[in-house]
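# Notes for the structure review
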Amino acid sequence: MTFRPLILLVDDDVTLLQILSSHLHLEGSETTLSQTAAQAIEFLQELPVSLVVVDIFMPDQDGMETIGEIRARWPQMPIVAMSGGWRTIGPDTILETAKALGAQAALAKPFDRATLVEAVRRALGPL
């Protein structure tokens, strides 16, 4: 039996969630999709999640707060942050902050499938 990691994808853009999910399914991962940080925390309490990919800017709670909450409650959970920036703040600045808060990897939107897969593999480590 092959281990298939369960990856929790968190973003308020449902189209992006579906695209990311299909990319990761091609690599043999299972995914759970969440459009809110609150729902993501519920999933983390209920499901055997292996990794979280979280957007930084979401309407209910921003990704920085979400990363902080995950780090506090599940300190060993691998996290990949993603952002396209916000107003006058470029994604690099935002993503460096996400890494300082505990994300193992940070992806500037838009990114391609290979970049996503590599970030997930590095964050998960050897299976």
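Refer to the structure printed above.
Below: a short report on this structure. (Residues numbered from 1 in each chain as written. Predicted model: local features only at pLDDT ≥ 70, side-chain atom pairs only at ≥ 80, totals over all residues. Heavy atoms only, no water.)

### Digging into the pairing of strand β4 (residues 79–83)
Across the 5 residues of β4, 5 count as buried, placing the element largely inside the fold. Taking every second residue as pointing to the same face, both faces of β4 are buried, with I79, A81 and S83 on one and V80 and M82 on the other. In terms of strand pairing, β4 meets strand β5 (residues 105–108) through 4 bridges, oriented parallel. Each residue of the ladder has a partner; that of A81, found in β5, is A106. (Buried < 20%, exposed > 50% of the residue type's maximum accessible area, 1.4 Å probe, protein only. Helix = DSSP H or I, 4+ residues; strand = E, 2+ residues; numbered from the N terminus. Pairing = 2+ DSSP bridges.)

### A look at the pattern of salt bridges
Side-chain pairing between opposite charges can occur once the charged atoms of the two side chains come close. Evaluated as defined, the whole model comprises 7 salt bridges. Across the salt bridge formed by E27 and R113, the nearest N and O atoms sit 2.5 Å from each other. Of this pair, E27 sits in the loop between α1 (14–26) and β2 (30–34) while R113 sits in helix α5 (residues 113–124), and the two are 86 residues apart along the sequence. For E27, a relative accessible area of 33% translates into the label partly exposed. For R73, the salt bridge is made with E69, and the minimal N-O distance between the two is 3.1 Å. Taken together, the positions of R73 and E69, both in helix α3 (residues 63–73) and 4 residues apart, correspond to about one turn of that helix. On the basis of relative accessibility, which here comes to 41%, the residue R73 falls in the partly exposed class. When its relative accessible area of 25% is taken as the criterion, E69 is described as partly exposed. Linked by salt bridges that have partners in common, D11, D55 and K109 make up one network. (Salt bridge = Lys/Arg side-chain N within 4 Å of Asp/Glu carboxyl O.)

### Here we look at α1
Under the 1.5 Å per step criterion, the end-to-end length of α1 is 19 Å for 13 residues, consistent within 8% with the ideal 18 Å. The complete set of buried residues in α1 reads L16, L17, L20, S21 and L24. The buried residues of α1 all sit within an arc of 135 degrees when viewed along its axis, so they share a single face. The inward-facing, buried residues of α1 contact β1 (6–10), β2, β4 and α5. A side-chain oxygen of the first residue of α1 lies 3.0 Å from the backbone nitrogen of T15; this N-cap is D13. Residue G28 follows α1 closely and has a positive phi angle near 95 degrees. (Expected span 1.5 Å × (residues − 1). Arc of directions from axis to C-beta. Contact = heavy atoms within 4.5 Å. Polar contact = N/O pair within 3.5 Å; in protein donor to acceptor, adjacent residues only side chain to side chain.)

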